[in-house]
Amino acid sequence: MTVAAAVVLLAAVSSGVAAAGSAATARAATARVATARAATARVATARVATARAATASGHSQAGHHHLAGPGYGTVQPSHRAAHSSACYSSQLHWWICHAEQVLRKHGTPQSALSTHAAFIVVQHESGGNPHAYNGWDANAAAGTPSEGIAQVIGPTFSTYSLPGYGNIWNPVDNMIAAFRYAISRYGSMNNIPGVVAVRGGGSYIGY
């Protein structure tokens, strides 16, 4: 074999090794992405399962308080007397009114509350779904995904939840924390920018 032929052969072998290395690297990267996606899917599935179990039971894991109303058992006459007829127009309205009742009992003035404003917020945040989970926005990337019916992040829920209402997947517990946060930030539910925008014919803005 001539020197020239040997050089050509060596170059071919080196090229083959490099190509094999690149293919192996690509396969490893693909495997890592697939593993990460599978892990994320498992976490999301587990969260949804937890949410469904908590909502189906009608109890808060922290306080085990009963949720009366559509989907949560029979509404007692004493409960009916405490709420307006709007509270019975839908299951979501009932959850909102229940949260507002708890807030009033804990010192939130009626002037800071608005069933209609709360309905606008929750409808736009989750469509009224207690199992809603956002695992892809900036909050999720920071490790604090938005969760539950009012799409509250964990730290906010921990700060604004009330004793006995500590299950972020319970729709009433979730809204209690969300509404307390919104009121502390904007002064009242009616002042939430997204509510103001929708009432003025504009697009909703997250709170």
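Here's the deal with the overall build of the chain
Next up, step 1: For the chain, the count of helices and strands is eight helices and two strands.
Next up, step 2: Sequence-ordered secondary structure for the chain, helices as α and strands as β, is α-α-α-α-β-α-β-α-α-α.
Next up, step 3: Within the chain, counting contacts between residues at least 6 apart in sequence, those at least 24 apart form 52% of the total.

Quick notes on the packing of aromatic side chains
Next up, step 1: Here the structure, examined in full by the defined rule, presents three aromatic pairs.
Next up, step 2: Measuring from centroid to centroid gives 5.2 Å for Tyr88 and Trp94, while their planes differ by 40°, and the two rings are tilted.
Next up, step 3: Judged by relative accessible area, which is 25%, Tyr88 ranks as partly exposed.
Next up, step 4: Residue class for Trp94 comes out buried when judged on its relative accessible area of 2%.
Next up, step 5: With 5.6 Å between their ring centres and 75° between their planes, Tyr160 and Tyr181 make a pair best called edge-to-face. One end of the pair, Tyr160, is in helix 6 (residues 154–160); the other, Tyr181, is in helix 7 (residues 171–186), and 21 residues separate them in sequence.

Section: the state of the cysteines
Next up, step 1: Under the counting rule described, the total for this entry stands at one disulfide.
Next up, step 2: The disulfide that involves Cys87 links it to Cys97, with 2.0 Å between the sulfurs. The sign of the S-S torsion, about -85°, decides the handedness of the disulfide formed by Cys87 and Cys97: left-handed. Separated by ten residues along the polypeptide, Cys87 in the loop between helix 2 (77–81) and helix 3 (91–105) and Cys97 in helix 3 bring together distant segments of the chain. Note on accessibility: Cys87 and Cys97 belong to one class, buried.

As for the packing of helix 3 against helix 4 (residues 115–126)
Next up, step 1: Packing of helix 3 against helix 4 leaves a shortest axis separation of 10 Å and a crossing angle of 120°. With respect to helix 4, the element helix 3 is oriented oblique. The handedness of the crossing between helix 3 and helix 4 is right-handed. Facing helix 3, whose interface residues are Leu92, His93, Ile96, Cys97 and Glu100, helix 4 presents Thr115, Ala118, Phe119, Val122 and Gln123.
Next up, step 2: The residue makeup of the contact of helix 3 with helix 4, split by class, is six nonpolar, three polar and one charged.

With respect to the layout of surface pockets
Next up, step 1: Put simply, the largest pocket is a space of about 270 Å³.
Next up, step 2: What lines the largest pocket is a set of 14 residues, among which Glu125, Asn139, Ser146, Gln151 and Tyr207 lie closest to the centre.
Next up, step 3: Here the residues of the lining of the largest pocket sort into five nonpolar, seven polar and two charged.

Describing the confidence of the model for the chain
Next up, step 1: Put simply, the chain has an average pLDDT of 75, and 59% of its residues get 70 or more.
Next up, step 2: Note on residues 5–13: pLDDT is under 50 here. Beyond four places in sequence and across chains, it has two contacts.
Next up, step 3: Confidence drops under pLDDT 50 across residues 36–41; counting only partners more than four residues distant or on other chains, this segment forms zero contacts.

Some words on the packing of helix 3 against helix 7
Next up, step 1: Direction vectors running N to C along helix 3 and helix 7 enclose 60°, while the axes themselves pass 9 Å from each other. Taken together, the axis directions place helix 3 and helix 7 in an arrangement best described as oblique. Here helix 3 runs over helix 7; the crossing is right-handed. Residues Trp95, Ile96, His98, Ala99, Val102 and Leu103 of helix 3 lie in contact with helix 7, whose contacting residues are Pro171, Val172, Met175, Ile176, Phe179 and Arg180.
Next up, step 2: Here the residues of the contact of helix 3 with helix 7 are counted per class, giving ten nonpolar, one polar and one charged.

Parameters at a glance
- Residues numbered from 1 in each chain as written.
- Predicted model: local features only at pLDDT ≥ 70, side-chain atom pairs only at ≥ 80, totals over all residues.
- Heavy atoms only, no water.
- Helix = DSSP H or I, 4+ residues; strand = E, 2+ residues; numbered from the N terminus.
- Contact = heavy atoms within 4.5 Å.
- Phe/Tyr/Trp six-rings, centres within 6.5 Å; stacked < 30°, edge-to-face > 60°.
- Buried < 20%, exposed > 50% of the residue type's maximum accessible area, 1.4 Å probe, protein only.
- Disulfide = S-S within 2.5 Å.
- Axes fitted to C-alpha atoms, helices over the stretch in contact; angles between N-to-C directions.
- Parallel < 35°, antiparallel > 145°, perpendicular 65-115°, else oblique.
- Left-handed = near helix turned anticlockwise from the far one by under 90°.
- Nonpolar A, V, L, I, M, F, W, Y, C, P; charged D, E, K, R; others polar.
- 1 Å grid on protein atoms, 1.4 Å probe; cavity = no way out; pocket = protein on both sides within 12 Å on 5 of 7 lines; lining within 4 Å.
- Points joined across faces, edges and corners; volume = space filled by probe spheres on them.
- pLDDT = per-residue confidence, 0-100.

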